[in-house]
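Close look at the chain arrangement
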Amino acid sequence: MKIIMALAFLLAMTPLVPARSAYLIVVGHPGEDDYKVRFQGWAQQIENALADSPEKPQVKTVGATTGGATLAELETAINEAAKTAGADDIFVLILIGHGTFDGTDYKFNLKGPDIRSAQLAVMLDRIQSTRQLVVNTTAASGGAMPALVKPHRVVIAATRTGTQKNATVFARYFADAFSDASADTDKNETITALEAYVYAARRTKEYYDQEKRIVTEQSVLNDIGSGVGVRDPGANNGQGLLAASFPMLRLGSTAAAAANPEKAALLKRKELLEQQIDRLKYQKESLPPLDYRRQMNALLLTLAQTQAQIDQ
Amino acid sequence: MRSSIRTAAFLLLGAMALVAADSRTCWTERKLGKATEADACFAELTRSNSALDRAEGLWGQGAFEAANVSFREALTRDPSSLEARVRWGRLFLERSNPREAQQLFQEVLKVDEKHAGALLGMALVSAEGFSSKAEELAGQAAAADPSLLEAQELLARLALERNRLDEARAIGRKAVAMKPGEALDAMAVLAAADWLEDKPVSEWESNALKINPKYGEFYGIAARIFILHRRYKEAIALYEKALKLDPENWRDRSELGVNLMRLGKDAEAKQNLEAAYNAGFRDAATVNTLRLIDSYSRFDLIRKGNTVLRLSKKESELLRIYVQAELDRAIAAFDKKYRMKLSEPFQLELYPDHEDFAVRTMGLPGLGALGVAFGDTVAMDSPSARPPGEFHWASTMWHELSHVYVLKLTDHKVPRWFTEGISVHEETQVSKEWGDRLDPPILKAVREKTLLPVAELDKGFQQPESPSQVLVSYFQAGRIVDYIVETWGWEKVLSMIADFKKMRPTAEVVQAELGMPAAEFDKKFQAWLNAQTGKMANDFGEWEKKMPGLVKAAQAKDWPTVLADGPAVRDLYPEYVGKMSAYELLANAYAGSKQPEKAIDELWRYARKGGRDPGVLKRLASMLAEANREKEAADVLARLNYIYPLDTGLHEKLGGLYAKLGDKRGAITEFRALVAMKPGDLAGAHLQLAKAYRANHQLKEATDQVYLALEVAPGYKEAQKVLLELTAANP
């Protein structure tokens, strides 16, 4: 997880929680009853986790209980978000359902007419939020990637291409990321878009490994605004920077200390220690293992002591 | 190249009126070691007007592709030629393409069902595939043409492969009598029969080498027979002799490589396989085995004492925890039980890709087995090679390790049925839940009384009439050993092992050790078995009728019906713990009827009957934990470490339960496993391991782990707290 390490520095500089967060969960046409139950369950799981978070973001779900959203319902919901979300707010769209790809264009299956990826992109452009996350969990969702990528937007697709057409399980594990604290790999009490993506991708891979099934979905992420999505965002492909600083779910109060002027020096010290730790991690390969370990342990101990003072 | 060409095919030509005598002469000269004459003869054939003769000539020169083209031309010119088809089929067979060969032989048999050459070809194809039909077909070929030497030689070889030494000798002598100056392969079989009985010198060796001092294949034939008797070291020595006489016999060199691999001599194996490959011998076994050797860079070798584990790097950190502990336990138990210690290093290899295991075993993918023992090496599937719940790796490991002891104690002379029987017996000695359940083919065999007599039980392994007969034979052999142990005690098994080392036949050993003729033993065993499984075997049909109704009721959540009918259906076939078992359906019904304790009881029955579905066992563990029966929950989850340990949730839950129950060592093991799996929450895993070490007063290890947790997540407050506590306690 080099990318996460590299971004700790960035995270320290970036306010973790913008003014407001707005979530739109759209459940498409399920086709079969079995899928209806599953889609509804995943949407509900995400909704519940967001409702339980201290941040209490604005959440709207369409189509979960009605056998799938219609095009009009989807457009109305996006237009509402466009009216209310400001430029500093974050906007998250999660698509749950089935998708198709005809070799040229992707369609998200709705009750009635489906929506093409290009249509969806136009609608999303109406939203002022400069930081957007689009999570498309359907089959063939990789086919929508070219239309949806845009600067400052994180796009996650359950499949690498439009030709991966089998029903996906990615949504199930993406929903789990909202309620499984282990998704917070850096233990900073915030699950970022990158952490949720990595969690869901890993669990999806485990599913196929354990079931001994041929892998029919390989999720990808793009947050550089152009090109294709990548399976493993990281320093080697330049992807993942924005996603790593995109807070999806806050698990605790990390900002309380920042409000106390008496703790300012300690916070500054903590920040410096974290930067030193990050730098040391980058030097790991070039240092003798014992030196690295000695230096790292010293920094980690000092950081723990500093944190204890902050928490007093 | 030339000398590597198999020469055994030529005798067939005696059966063919239309093939030029020259071709037969060429092959005979080749076989008798007259290299110059044979080369000239084949060269002359290549200049013939006959496409068939040219094909033979080119084949004799090792120009296989050109020979193939000429055979095609021969058939184009004369589409009705049976001889061209048979000879072309033999070329395909020699070039490791039995499917094409079989097709050509079958085409001939459609026209002439008694064509000796085609029947022999089919027998050879069957023999390569270890089919029980090989002997029948070779017999038909011999009957169709009583002068066909190669058919007699094949019959002798097959009899010896199946451990019928007297019969092999009789047929072999008959073949030698037919053509005393040519029957080199029959002499090889006769010599192999002597060597199998540990006779240091065989007259047949000198007889054959007098005819052709360079006939390396003489030893190659014997080597292959020794391999089928699992006497690998002696087989390797024979291959080495073969190659000394004929260094360019690439088939033998490749087979030597494959068998050196079996004994863990990878470097020598690679050298021989590469030599064969570079010389153009690229059959599937050679290529696959070389690929596998290359893949060993992705494996770890873990040495401890007299043991070596070969584990895939991607899972070795986890598996070594459980596999090493279980191997140590099994070796300690077997050292005592078999009263011997493994003198040479023992290597256990686990393959996460079943096809790699198959290549390791046979050189070819597609093997149905789970594990194989070769002397001091055991290769088996890793638990990750099969879907969770399908495979009990520890049971397989004990099974294979038992072979290692029995093979050593008998110098590999034990009959197959007895060593398999002991191994199957050993599977259930650690726990009755291990081992295989009674499957429908076994119940059918018990019901229909189609079990083989003990004296012929080897046939069930070596010449099975159907794939299910192998399964049934494993079961039968295992139960026979159970019966012997139960009735006469383990000492009697050890005495039988000693008898088999002397190559005494099964009937004789049964009489000597158990004091009755084999037929009487069969009757007594059958009665014993019937008392245990007869009812279930008879009830199976009823279970088959009633089970669909129970499943239907469960799917409709008709719990009263499931609760009313379920117990009776379950008890008709209590060994059934597969998908949608009656145990599971009943548990669902009890849970759905708000009777959680009864649901737990039902799932416990499932576990104790050997149910292995991780989902079902985890469900039972959760229900037990919810009912504050944490010790039992831990016991249930611990079973999964022997089934599918590649599960982070399992180790996290079990580690937590052990920690709560005060089982400090258990908690450490489970959290070590969790860390080894590098879960998504790696920092959390390190911290849990740190806490487990701290609880066990291993403060240094605890501190190391907490630092590792913080390295992953420097701001991890809980880990910071533990670190400060540890450093305060141990500044």
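**Concerning the overall build of chain A**
Scanning chain A for helices and strands turns up 10 helices and 11 strands. What you see for chain A is a C-alpha radius of gyration of 20 Å, in line with the 20 Å of a compact globule of 312 residues. Across its three principal axes, chain A shows a C-alpha extent of roughly 60 × 40 × 30 Å. Per-residue burial over chain A gives 52% buried out of 312 residues. Considering only contacts within chain A whose residues lie at least 6 apart along the sequence, 70% involve residues at least 24 apart. With 34 positive and 34 negative side-chain charges, chain A shows a spacing of 3 Å between the two charge centroids.

**What about the environment of G305 of chain B?**
Residue and element names in this part refer to chain B. By the secondary structure assignment, G305 is in the loop between β1 (299-304) and β2 (307-312). G305 sits in the exposed class, given a relative accessible area of 83%. Put simply, G305 and H403 are 98 residues apart on the chain and 20 Å apart in space, counted from C-alpha to C-alpha.

**Side note on the sheet that holds β2 of chain B**
All names here are of chain B. Ordered by their spatial adjacency, five strands build an open sheet running β1-β2-β3-β5-β4, and the pairing between neighbours is mixed. Among the strands making up the open sheet, the edge pair consists of β1 and β4 (371-374). Going from strand to strand, the sheet's axes swing by 15 degrees on average, the running direction of each strand aside. Taken together, the four bridges between β4 and strand β5 (residues 377-381) define a ladder with antiparallel strand orientation. What sits directly across from F374, in β5, is T377. Across the sheet, helix α18 (residues 313-338) is in contact with β1, β2 and β3 (346-351); its angle to β2 comes to roughly 150 degrees. Running at roughly 20 degrees to β4, helix α20 (residues 393-409) makes contact with β3, β4 and β5 of the sheet.

**Topic: the confidence of the model for chain A**
Residues and elements named next belong to chain A. Residues of chain A with pLDDT of at least 70 account for 91%, and the chain-wide mean is 86. Least confident of the elements in chain A is helix α1 (residues 2-13), whose mean pLDDT is 36; most confident is strand β10 (residues 220-222), at 97. In the predicted structure, residues 1-19 sits below a pLDDT of 50 and forms 44 contacts with residues beyond four places in sequence or in another chain.

**What about the layout of surface pockets?**
Residue and element names in this part refer to chain B. Its volume calculated, the second largest pocket comes out at about 790 Å³. For the lining of the second largest pocket, the secondary-structure elements that each account for two or more residues are α10 (165-178), α21 (416-430), α23 (457-462), α25 (490-501) and α26 (506-514). Per-element accounting of the lining of the second largest pocket gives the leading share, four residues, to α23. Residue composition of the lining of the second largest pocket, grouped by class: 11 nonpolar, six polar and 15 charged.

**Structural notes on the nonpolar core**
All names here are of chain B. Core analysis: the biggest nonpolar cluster contains 149 residues, and Y338, L348, L401, F418 and F521 have the highest contact counts within it. Broken down by element, the residue count for this core peaks at 14 residues, all from helix α27 (residues 518-555). Not counting the four nearest positions on each side in its chain, L348 is found in contact with V308, L309, R310, V323, L327, V378, M380 and M397. Within the second largest apolar cluster, 105 residues are counted, among which are F42, L196, A222 and A269.

**Quick look at the domain arrangement of chain B**
You can read the domains of chain B as domain 1 (1-147) and domain 2 (649-731). The straight-line distance from the C-alpha centre of domain 1 of chain B to that of domain 2 of chain B is 70 Å.

**Here's the deal with the pattern of salt bridges**
Residues and elements named next belong to chain B. Tallied over the entire structure, the rule returns 78 salt bridges over all chains. Two residues, R164 and E135, come together in a salt bridge whose shortest N-O distance is 2.3 Å. Of this pair, R164 sits in the loop between α9 (149-161) and α10 while E135 sits in helix α8 (residues 133-144); the two residues are 29 residues apart in sequence, bridging distant segments of the chain. Overall, R164 belongs to the partly exposed group, its relative accessible area being 24%. K241 is the partner of E205 in a salt bridge, and the nearest nitrogen-oxygen pair spans 3.5 Å.

**Side note on the packing of aromatic side chains**
All names here are of chain B. Applying the stated criterion across every chain, the model contains 42 aromatic pairs over all chains. For the pair F334 and Y338, a centre-to-centre distance of 5.2 Å together with 80 degrees between the ring planes defines the contact as edge-to-face. In this pair, F334 and Y338 both sit in helix α18, four residues apart, roughly one turn of the helix. Like Y338, F334 is buried. Ring plane angle 80 degrees and centroid distance 5.3 Å describe the contact between F334 and W398, whose orientation is recorded as edge-to-face. A residue pair is termed long-range when its members are at least 10 positions apart, and F334 in helix α18 and W398 in helix α20 qualify at 64 residues. Using a relative accessible area of 6% as the deciding quantity, one classes W398 as buried. Cluster of aromatic residues (ring-pair linked, three or more members): F334, Y338, W393, W398, Y405, W434, W490 and Y642. Taking the ring centre of F64 as reference, the NZ or CZ of R95 above it sits at 3.8 Å.

**Re the packing of helix α28 (residues 559-572) of chain B against helix α29 (residues 582-592) of chain B**
Residues and elements named next belong to chain B. Relative to each other, α28 and α29 sit at 150 degrees, their axes nearing to 9 Å. Between α28 and α29, the interaxial angle falls into the category roughly antiparallel. Classified by chirality, the crossing of α29 by α28 is left-handed. Between α28, through W559, V562, L563, G566, P567 and R570, and α29, the contact on the second element is made entirely by A582, Y583, L585, L586, N588, A589, Y590 and G592. Across the contact of α28 with α29, the residue classes break down as 10 nonpolar, three polar and one charged.

**Regarding empty space enclosed by the protein**
All names here are of chain A. This model, assessed by the stated rule, comprises two cavities of 30 Å³ or more. Here the largest cavity defines a volume of roughly 50 Å³. For the largest cavity, the full set of lining residues is Y35, F39, W42, I96, G97, H98, T137, A139, A167, T168 and A171. Classifying every residue of the lining of the largest cavity by side-chain character gives seven nonpolar, four polar and no charged.

**A closer look at α28 of chain B**
Residue and element names in this part refer to chain B. The first and last C-alpha atoms of α28 sit 20 Å apart over 14 residues, in line with the 20 Å expected at 1.5 Å per residue. The largest bend in α28 amounts to roughly 45 degrees and is located at G566, with the proline P567 lying one to four residues further along. Listed as buried for α28 are W559, V562, G566, V569, R570 and L572. Of the surrounding secondary structure, the elements contacted by the buried residues of α28 are α27, α29 and α30 (596-608).

**Considerations on the interface of chain A and chain B**
Across the boundary between the two partners, chain A contributes 22 residues, which contact 26 residues of chain B. With both chains or domains summed, chain A and chain B bury close to 2100 Å², and 58% of this area falls on carbon and sulfur atoms. Three residues, K187, Q210 and K212 of chain A, lead the burial of chain A against chain B; their summed loss comes to 29% of the area buried on that side. Counting every contact that joins chain A to chain B gives four salt bridges. K284 of chain A is the partner of E711 of chain B in a salt bridge, and the nearest nitrogen-oxygen pair spans 3.6 Å. Summed over the shared surface of chain A and chain B, the number is four residue pairs in polar contact (both at pLDDT 80 or more). Elements supplying a minimum of two residues to the side of chain A that touches chain B: α7 (193-211), α9 (264-282) and α10 (289-311) of chain A. The dominant element in the side of chain A that touches chain B, judged by the number of residues it contributes, is α10 of chain A, at 12 residues. The class makeup of the residues in the side of chain A that touches chain B is eight nonpolar, six polar and eight charged.

**Here we look at unusual backbone geometry**
Residues and elements named next belong to chain B. For H412, which is not a glycine, the phi torsion comes out positive at approximately 65 degrees. A residue is classified by how much of its surface remains accessible, and H412, at 16% relative accessible area, is buried. A positive phi angle, close to 50 degrees, is found at M580, a residue other than glycine. Along the chain, the position of M580 falls in the loop between α28 and α29. Judged by relative accessible area, which is 35%, M580 ranks as partly exposed.

Scoring rules and cut-offs
Residues numbered from 1 in each chain as written. Chains lettered and ligands numbered in written order. Predicted model: local features only at pLDDT ≥ 70, side-chain atom pairs only at ≥ 80, totals over all residues. Heavy atoms only, no water. Helix = DSSP H or I, 4+ residues; strand = E, 2+ residues; numbered from the N terminus. Rg over C-alpha atoms; globule rule 2.2 N^0.38 Å. Buried < 20%, exposed > 50% of the residue type's maximum accessible area, 1.4 Å probe, protein only. Contact = heavy atoms within 4.5 Å. Lys, Arg positive; Asp, Glu negative; His and termini not counted. Charge placed at Lys NZ, Arg CZ, Asp CG, Glu CD. Pairing = 2+ DSSP bridges. Axes fitted to C-alpha atoms, helices over the stretch in contact; angles between N-to-C directions. pLDDT = per-residue confidence, 0-100. 1 Å grid on protein atoms, 1.4 Å probe; cavity = no way out; pocket = protein on both sides within 12 Å on 5 of 7 lines; lining within 4 Å. Points joined across faces, edges and corners; volume = space filled by probe spheres on them. Nonpolar A, V, L, I, M, F, W, Y, C, P; charged D, E, K, R; others polar. Core = buried A, V, L, I, M, F, W, Y, C linked by side-chain atoms within 4.5 Å. Domains from an automatic or database assignment. Salt bridge = Lys/Arg side-chain N within 4 Å of Asp/Glu carboxyl O. Phe/Tyr/Trp six-rings, centres within 6.5 Å; stacked < 30°, edge-to-face > 60°. Lys NZ or Arg CZ within 6 Å of the ring centre and 35° of its normal. Parallel < 35°, antiparallel > 145°, perpendicular 65-115°, else oblique. Left-handed = near helix turned anticlockwise from the far one by under 90°. Expected span 1.5 Å × (residues − 1). Bend = angle between axes of the 7 residues up to and from the residue. Buried area = accessible area lost by both parts, 1.4 Å probe. Polar contact = N/O pair within 3.5 Å; in protein donor to acceptor, adjacent residues only side chain to side chain.

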